Amino acid sequence: MSGPAVVALGGGHGLAASLEALKLVTDDITAVVTVADNGGSSGRLRDEFDVLPPGDLRMALTALCDDTEWGHTWRDVLQHRFRGEGPLAGHALGNLLITALWDVHQDPVVGLDLVGRLLNARGRVLPMAAVPLEITARVHGLDTGDPDTLTTLRGQVAVATTRGTVVSIALEPQDPPSAPETIAAVLEADWLILGPGSWFTSVMPHLMVPALREALHDTTARRLLTLNLEHSGETAGFTAAQQVEALVDHAPRMRLDAVLADPSAVDDEAGLRAAAGRLGADLVLAPVAQRSAPGHHDSLRLAAAYRDLFG
């Protein structure tokens, strides 16, 4: 197989869904992954060893594993999570392995590349920034006495689980360094894919890292935004158009070529088309959801949509 050089940006299950589809379309894949998680096993390792949170990076690596018995075996091992109540309880083995490699090599990219070799990964995984990040968000609707009052939340977990409406996000530090390999991948890509995923904690943080944001502006690659199938969690109550408009508000210089959406997730096609137009993008409607689980992307259908867009 050959295909275009594609960089997919995001984190968590949304990025994994995109990567699993891309493996069916091209051999040249780079995942650029958010590094702001502060919960669970990732948060514990981040706090104890002052490292990037490894969880989303691990998920991207396992999504890119070679589709052989070897690849699937090591994928399952890296995803294995220890049970019980001891010090290892809740840790994914892959998180521990990645952290150990970082301790040995003192270079996050080298450690991730070594895990990729173990998995025979069909692509490369790189961090969004070279240091751990903290997400802050201004949210309204948390003060029952005055729903319009803005509250500042700190940390990915707090933002992802808020009952309020996110108005804006920021990163700390505000100007984090990016790995040279990450910037080079974006500048050399044929296509960039943002989303799907948690909008304010996985997708939009990439637009808040100055060096990465400039590379996204300057690259000659075509840019695609893949919308979520459900408006829940961080974007509960948002329309599809409002998700796109939030991106415009945070990165007004950003330009896209296409916005991909499943028809079932579009509540106002005219409004979404207008919001996409503000970014210079065409709206592409295609069925990409699983028939048996409408809230989840279907790898084959998403791959077909990507292949049509890539031409």
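Before reading on, note that the structure itself is shown above.
If you're wondering where the values come from, they're calculated on a predicted model, not measured in any experiment.

**Student:** Before we go on, may I ask you to explain empty space enclosed by the protein in this structure?
**Tutor:** One way to see where empty space is left: roll a probe the size of a water molecule over the atoms. Scanning the entire structure with this criterion turns up one cavity of 30 Å³ or more. Its volume calculated, the largest cavity comes out at about 30 Å³. What lines the largest cavity is simply Leu-9, Leu-192, Leu-194, Leu-216, Arg-223, Leu-224, Met-254 and Leu-256. Listing elements by their share of the lining of the largest cavity, those giving two or more residues are strand S7 (191-194) and strand S8 (222-226). Partitioning the lining of the largest cavity into residue classes produces seven nonpolar, no polar and one charged.

**Student:** Teacher, can you tell me more about the layout of surface pockets here?
**Tutor:** By volume, the largest pocket amounts to about 890 Å³. Every residue lining the largest pocket is counted, 37 residues in all, and those nearest its centre are Gly-12, His-13, Gly-14, Gly-197 and Ser-198. Counting only elements with at least two residues in the lining of the largest pocket, the list comes to helix H1 (12-22), helix H2 (40-49), helix H3 (55-63), helix H7 (156-160) and helix H9 (199-203). Tallying contributions element by element places H1 first for the lining of the largest pocket, with five residues. Each residue belonging to the lining of the largest pocket can be placed in one class, and the counts come to eight nonpolar, 23 polar and six charged. Considering only enclosed or pocket space, the second largest pocket measures out at about 190 Å³ in volume. What lines the second largest pocket is a set of 13 residues, and nearest its centre among them are Glu-20, Thr-62, Ala-63, Arg-75 and Gln-79. For the lining of the second largest pocket, the secondary structure elements donating two or more residues are H1, H3 and helix H4 (69-79). Grouping the amino acids of the lining of the second largest pocket by side-chain chemistry returns four nonpolar, four polar and five charged.

**Student:** What am I meant to see in the nonpolar core here?
**Tutor:** The nonpolar side chains of a soluble globular protein tend to be buried with one another. Among the nonpolar cores identified, the biggest contains 99 residues, and Leu-19 and Tyr-306 are the most heavily contacted of them. The contact partners of Leu-19, leaving out residues within four places of it in the chain, are Ala-8, Ile-29, Ala-31, Ala-60, Ala-63 and Leu-64.

**Student:** Explanation requested: the packing of H1 against H3 in the structure shown.
**Tutor:** Relative orientation and spacing of two packed helices are given, respectively, by the angle between their axes and the distance between those axes. Direction vectors running N to C along H1 and H3 enclose 20°, while the axes themselves pass 9 Å from each other. With respect to their mutual orientation, H1 and H3 come out roughly parallel. Crossing handedness for the pair H1 and H3: right-handed. Across from Gly-12, His-13, Leu-15, Ala-16, Leu-19 and Glu-20 in H1, the residues of H3 making contact are Asp-56, Met-59, Ala-60 and Ala-63.

**Student:** Would you explain the sheet that holds S7 in this entry?
**Tutor:** Adjacent strands of a sheet form backbone hydrogen bonds with each other and so pair up, either parallel or antiparallel. Read across the open sheet, the seven strands follow the order S3-S2-S1-S7-S8-S9-S10; overall the sheet is parallel. Of all strands in the sheet, those bounded by a partner on one side alone are strand S3 (124-127) and strand S10 (282-285). Here the average twist between neighbouring strands, direction ignored, is 20°. Here four bridges tie strand S9 (residues 258-261) to S10, and the two strands are oriented parallel to one another. Along S10, the bridge assignment pairs Val-259 with Leu-283. Sitting on the sheet, helix H8 (residues 180-188) touches strand S1 (6-10), strand S2 (29-33), S3 and S7, and the angle it makes with S3 is about 120°.

Calculation notes
Residues numbered from 1 in each chain as written. Predicted model: local features only at pLDDT ≥ 70, side-chain atom pairs only at ≥ 80, totals over all residues. Heavy atoms only, no water. 1 Å grid on protein atoms, 1.4 Å probe; cavity = no way out; pocket = protein on both sides within 12 Å on 5 of 7 lines; lining within 4 Å. Points joined across faces, edges and corners; volume = space filled by probe spheres on them. Helix = DSSP H or I, 4+ residues; strand = E, 2+ residues; numbered from the N terminus. Nonpolar A, V, L, I, M, F, W, Y, C, P; charged D, E, K, R; others polar. Core = buried A, V, L, I, M, F, W, Y, C linked by side-chain atoms within 4.5 Å. Buried < 20%, exposed > 50% of the residue type's maximum accessible area, 1.4 Å probe, protein only. Contact = heavy atoms within 4.5 Å. Axes fitted to C-alpha atoms, helices over the stretch in contact; angles between N-to-C directions. Parallel < 35°, antiparallel > 145°, perpendicular 65-115°, else oblique. Left-handed = near helix turned anticlockwise from the far one by under 90°. Pairing = 2+ DSSP bridges.

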